[in-house]
Amino acid sequence: MPKVTFPRMGESWRTFKMLMNDLGNEVVVPPRPNKRTLDYGVRYAPEFACLPLKILMGTYVETCLEGAELIVTSGGSGPCRAGLYGQLHKKILNSIGFPVDIIVFEAPKNHPIDFLRKVNRLNASRLSYRAIWECIKRGWEKLKYLDDVEKLTHVVRPRELEKGATTRVYRRVLEWIDIAYTMSEIKEAGEAALQAIRSVPQDAERKVLKVGIVGEIYVLLEPASNLEIEETLGILGVEVHRSMFLTGWTQDNTVKETSETLSVKDAAAPYIPLCIGGHGQESVGHTVLYAKEGYDGVIQLAPFTCIPEIVARTILNRVSRVHNIPVLTFFLDEQTGKAGMTTRLEAFVDLMRRKKSQAGALHARPEVV
Amino acid sequence: MTAYLGIDVGSVSTNIVVINQAREILAALYIRTRGRPIEAILSGLSETAGLLPPGVEIAGAGSTGSGRYLAGVMVGADVIKNEITAHAVAASMYVPDVQTVIEIGGQDSKIIIMRNGIVTDFAMNTVCAAGTGSFLDQQASRLNIPIADFGEMALSSSAPVRIAGRCTVFAESDMIHKQQMGHKLSDIINGLCEALVRNYLNNVGKGKEILAPVVFQGGVAANAGIKAAFERALKLPIIIPKQFSVMGAIGAAQLAREEVEKTGRTNFKGFKIAGLPYRTSSFECGGCPNNCEIAEIYEEDRVIGRWGARCQRWDVM
């Protein structure tokens, strides 16, 4: 059987590793994107390609060096270059001497037969569809807990009494979820993880700001690609709400769109009435919703040269004015110097704090976490 | 006399000011960083100490600029603030109803939009350094004109030549092309000023509502040609404060004052630190695949600051 690998997006690899193992495949776990990943990515990817393509390029080279022979990834919907990245990666990898193959999963709601054929190809253990379904359900449960725990850290971190405590507990509890296997183990580990994060000593009186994060999916989900912006904001006393998690995105693209996505599209409609590729429409829609929900600001994360986000960026100027919500955009590329980002974040936090103290009292802790 | 110290360590210049309770400038210093921020801070401090009238007691210190953390741990700053807030604070000290701040320094340029005395929006140049002080410096030395004369030369032009402003590489080749065609130097320089302003307004200032009063500060504000080009492009008067080149440091001093008024004490170590030995070193942390590049600074034999880590591993000194 070929050794299988896949892109790394945050902590989701823990789920995919389990799922691929269950289907009978040997897995090469993709390393966390690091300097070596970027070096390979920049060397082998076209110069004007976006950061996600470069990071994945580097990740694939690293996993190929460890013996990966089959890459499993997802396609894209709408006019965004990500849709052809799978094929492009394969061509580049083959041309530099890695005879790998790539399986690109397209949204099953549009390509159901193709989806099943690809699942069969990965089904090395020849499990029945029913057994595969059980594996997927367990994987889904794990993914949901991984997302829920991460969301909770975003709420707890700005209120922690000891700087860095949340991150330390978070790293530990991820391992609990990682080793859990049966459905009941996953539930038990997930609940224990949530409880451990909740128990991080917090200052209930601290006045925190709330910021929504919008933008392109890869740079949103992989902290190594956005210089750990959410953690940095947490330490600056800002509670972040990220507009996209893998579980939410998967739901929208497998079965049918959730009511949440539909309201995002409604909110975006006066500005962008149709899908312009990538997550441009969502970035605008989420910003409108964050403003209506009383958030203090919105941060847009976009890969440098990403067309959908460039379109959204231009429109966000108006959204910001109409809805009176500060918006800050970061275009991310291969630079790893964090100073420029820190300066802008600190200034943005100052801006929001002054705006808020002028407008009235800061809100203390929300309901129950 | 009680006074407050502000230090702005930028890529090109290191500025130090001391202001008193009445916000008067007791000392202002603008020196080149020359890629050696520690030396610049130390020599700047001892020079500043010499400029001060006797009997001045520093009751608070603040740092800003890209080297603010370095300066902060060296002098014992009471406040370490980003340069956007520092510049906004300084601008509103001189022009209380300021609505737009244009700041162009050595390697970055920013726009700060203020309404009713608070910052409501800002932007900094992101992926391009065209239109900043370093490029003007570089062109002045290529043309062998003292940078101080650059602005006056631009003003003497009667027919500006169009220069591409999108990118310094294109701008330079455009300038060379026009110069070889025989255009007058003053016209080319004026064209460059217009190109820089166009680039600034299209990039940094894109989508921002620029309203008067407009305050222009940072080293580039010394250039009368750029000021005139801004006035032509915006059709608004441009105010340049007298202390335009050290506004960041003034903002830092003012913020230090606000801070010590709250805390009632200062962490400032005194001008004596100018005599202490400082050194830096760096290493790659191998704790995880991040391989963070950690830089540390020593005061005598003690580590007083570390940067570059993406986790808290190196936070304990």
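Residues numbered from 1 in each chain as written. Chains lettered and ligands numbered in written order. Predicted model: local features only at pLDDT ≥ 70, side-chain atom pairs only at ≥ 80, totals over all residues. Heavy atoms only, no water.

*Asks:* Go over the pairing of strand β3 (residues 25-32) of chain B, please, and point to the residues and values.
*Replies:* Residues and elements named next belong to chain B. Relative to β3, strand β2 (residues 13-20) is paired through 7 bridges, and the arrangement is antiparallel. Across the sheet, the residue bridging to Ile16 is Leu29, located in β3. Counted along the chain from β2 to the antiparallel partner β3, the turn is 4 residues long, and its residue Arg23 has a positive phi close to 65°. (Pairing = 2+ DSSP bridges. Helix = DSSP H or I, 4+ residues; strand = E, 2+ residues; numbered from the N terminus.)

*Asks:* Can you tell me about the domain arrangement of chain A, naming the residues and giving the values?
*Replies:* Residue and element names in this part refer to chain A. Partitioning chain A into domains gives domain 1 (3-127) and domain 2 (208-369). Relative to domain 2, the C-alpha centre of domain 1 lies at a distance of 27 Å. Facing the 26 residues of domain 1 at the interface are 29 residues of domain 2. The contact between domain 1 and domain 2 buries some 2,100 Å² in all, and 65% of this surface belongs to carbon and sulfur atoms. The largest share of the area that domain 1 buries against domain 2 comes from Met9, Leu51 and Lys109, three residues that together contribute 28% of it. Between Arg32 and Glu228 there is a salt bridge, with its nearest N and O atoms 2.9 Å apart. Where domain 1 packs against domain 2, one counts 6 residue pairs in polar contact (both at pLDDT 80 or more). Only α2 (35-44) and α3 (51-65) provide two or more residues apiece to the side of domain 1 that touches domain 2. Take the side of domain 1 that touches domain 2: its biggest share by element is 5 residues, from α3. (Domains from an automatic or database assignment. Contact = heavy atoms within 4.5 Å. Buried area = accessible area lost by both parts, 1.4 Å probe. Salt bridge = Lys/Arg side-chain N within 4 Å of Asp/Glu carboxyl O. Polar contact = N/O pair within 3.5 Å; in protein donor to acceptor, adjacent residues only side chain to side chain.)

*Asks:* Can you tell me about the packing of helix α7 (residues 165-179) of chain A against helix α8 (residues 183-198) of chain A, naming the residues and giving the values?
*Replies:* Residue and element names in this part refer to chain A. In contact at an axis separation of 8 Å, α7 and α8 are set at 175° when each is read in the N-to-C sense. As the angle between them shows, α7 and α8 are arranged roughly antiparallel. Listed contacts from α8 to Thr166, Val169, Tyr170, Val173, Trp176, Ile177 and Ile179 of α7 are Glu185, Ala189, Gly190, Ala192, Ala193, Ala196 and Ile197. A breakdown of the residues in the contact of α7 with α8 according to their chemical character gives 11 nonpolar, 2 polar and 1 charged. (Axes fitted to C-alpha atoms, helices over the stretch in contact; angles between N-to-C directions. Parallel < 35°, antiparallel > 145°, perpendicular 65-115°, else oblique. Nonpolar A, V, L, I, M, F, W, Y, C, P; charged D, E, K, R; others polar.)

*Asks:* For the sheet that holds strand β3 (residues 70-74) of chain A, give the residues involved together with the corresponding values.
*Replies:* All names here are of chain A. In space, the 4 strands of this open sheet follow the order β2-β1-β3-β4, with parallel pairing throughout. Edge positions in the open sheet fall to β2 (26-27) and β4 (101-105), since each of these has one partner strand only. With 5 bridges joining them, β3 and β4 adopt parallel strand pairing. Opposite Ile71, over in β4, you have Ile102 as the bridge partner.

*Asks:* Lay out the sheet that holds β2(B) in plain terms, naming residues and giving numbers.
*Replies:* All names here are of chain B. With mixed pairing, 5 strands are arranged side by side in an open sheet as β3-β2-β1-β4-β5. Edge positions in the sheet fall to β3 and β5 (79-80), since each of these pairs with one other strand and no more. In terms of strand pairing, strand β1 (residues 2-9) meets strand β4 (residues 57-64) through 7 bridges, oriented parallel. Residue pairing across strands places Ala3 opposite Ile58, the latter belonging to β4.

*Asks:* Which residues make up the environment of Ile197(A), and what values do they have?
*Replies:* Residue and element names in this part refer to chain A. With respect to the helices and strands, the residue Ile197 is situated in helix α8. Since its relative accessible area comes to 0%, Ile197 is described here as buried. Expressed as a C-alpha distance, the spacing of Ile197 and Glu150, which sit 47 residues apart in the sequence, is 9.5 Å. (Buried < 20%, exposed > 50% of the residue type's maximum accessible area, 1.4 Å probe, protein only.)

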